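Remarks on the overall topology
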Amino acid sequence: MQLTDEEIAAMTPAERRALILRLVPRPGGLPSRRTIERIRKWRTALIMACVAVLVPWTVYLALTLPDHYVARNWGATWVGFDILLLTTLLLTAIGGWKRKQFVFPTAFASGVLLICDAWVDVMTSQRGDDLTQALLSAFLVELPLAFVLIAGPLRLLRYLAVRHGVIESGTRFWRMPIPIPDLYADHKVPPA
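Presented here is an overview of the structure given in this document. (Residues numbered from 1 in each chain as written. Predicted model: local features only at pLDDT ≥ 70, side-chain atom pairs only at ≥ 80, totals over all residues. Heavy atoms only, no water.)

In a soluble, globular protein the nonpolar side chains are often hidden away together inside. One finds Trp78, Phe81, Leu85, Ala107, Leu113, Leu114, Ala146 and Leu149 forming the largest nonpolar core, which totals eight residues. When residues of this core are traced back to their parent elements, those giving at least two are helix 4 (74-98), helix 5 (103-124) and helix 6 (129-163). (Core = buried A, V, L, I, M, F, W, Y, C linked by side-chain atoms within 4.5 Å. Buried < 20%, exposed > 50% of the residue type's maximum accessible area, 1.4 Å probe, protein only. Helix = DSSP H or I, 4+ residues; strand = E, 2+ residues; numbered from the N terminus.)

What follows is the structure, encoded as structure tokens:
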């Protein structure tokens, strides 16, 4: 059976999505749906356990940490952090230049590292010029760049999902289902 451009144009978005998902070949090496579901449940349980432990730990730290603390390896800590940031930024630039999908995790990681850098710089700065410089750096460089590095790839992922017919154009990013039919009981991607 052959579909004409007019027949495809007459299809509803849901019909086009169903057709696209039927035409996409099933990649080899995917674990069974049962295995995927077991992994998803264990990972979710692990993350929830981390959340449950982190809440009282954070309260404990808030109540017990000293206001002043002299850290060992201060220079190595910051040089190591900056090397990590430099590496993720370089990988992001390479991924963007070559139009490779690894730009998504590297850009996101770079953005998160920039937010962490801005936070720690501001929080550890001495009052006066040191704090002013940290605030200017955070608000004029680090946080705007972090926004670009996080929001840009997320918008591109959403665009790809719309372009490939997985979601409708008005769907918000956080409502996008994972577009692999094998993940769902009825082998259909749920609507957004």
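After that view of the structure, there is still more to cover.
Take the pattern of salt bridges next. Summed over the entire model, instances satisfying the criterion amount to one salt bridge. Here Arg40 ties to Glu37 by a salt bridge, and the two come within 2.4 Å at their closest N and O atoms. Of this pair, Arg40 and Glu37 both sit in helix 3 (residues 33-64), separated by three residues, roughly a single helical turn. (Salt bridge = Lys/Arg side-chain N within 4 Å of Asp/Glu carboxyl O.)

Before going further, it helps to examine the packing of aromatic side chains. Overall, the coordinates contain three aromatic pairs when judged by the stated rule. For the pair Trp78 and Phe81, a centre-to-centre distance of 5.6 Å together with 70° between the ring planes defines the contact as edge-to-face. Taken as a pair, Trp78 and Phe81 lie in helix 4 at a separation of three residues, close to a single helical turn. The pair formed by Trp78 and Phe81 is uniform in burial state, with each residue classed as buried. Ring pairs connect the aromatic residues Trp74, Trp78 and Phe81, which therefore count as one cluster. (Phe/Tyr/Trp six-rings, centres within 6.5 Å; stacked < 30°, edge-to-face > 60°.)

A grouping of Ile115, Leu135, Leu136, Phe139, Leu140, Val141 and Leu143 is seen on the molecular surface, where their side chains present a nonpolar patch of about 640 Å² in accessible area. Relative to the helices and strands, Ile115 resides in helix 5. (Patch = residues over 30% accessible without salt bridge, like charges linked within 9 Å, V, L, I, M, F, W, Y side chains within 5 Å. Areas by Shrake-Rupley, 256 points an atom, 1.4 Å probe, with all protein chains shown as cover.)

Positionally, Ser110 belongs in helix 5. Assessed through its relative accessible area of 0%, Ser110 is described here as buried.

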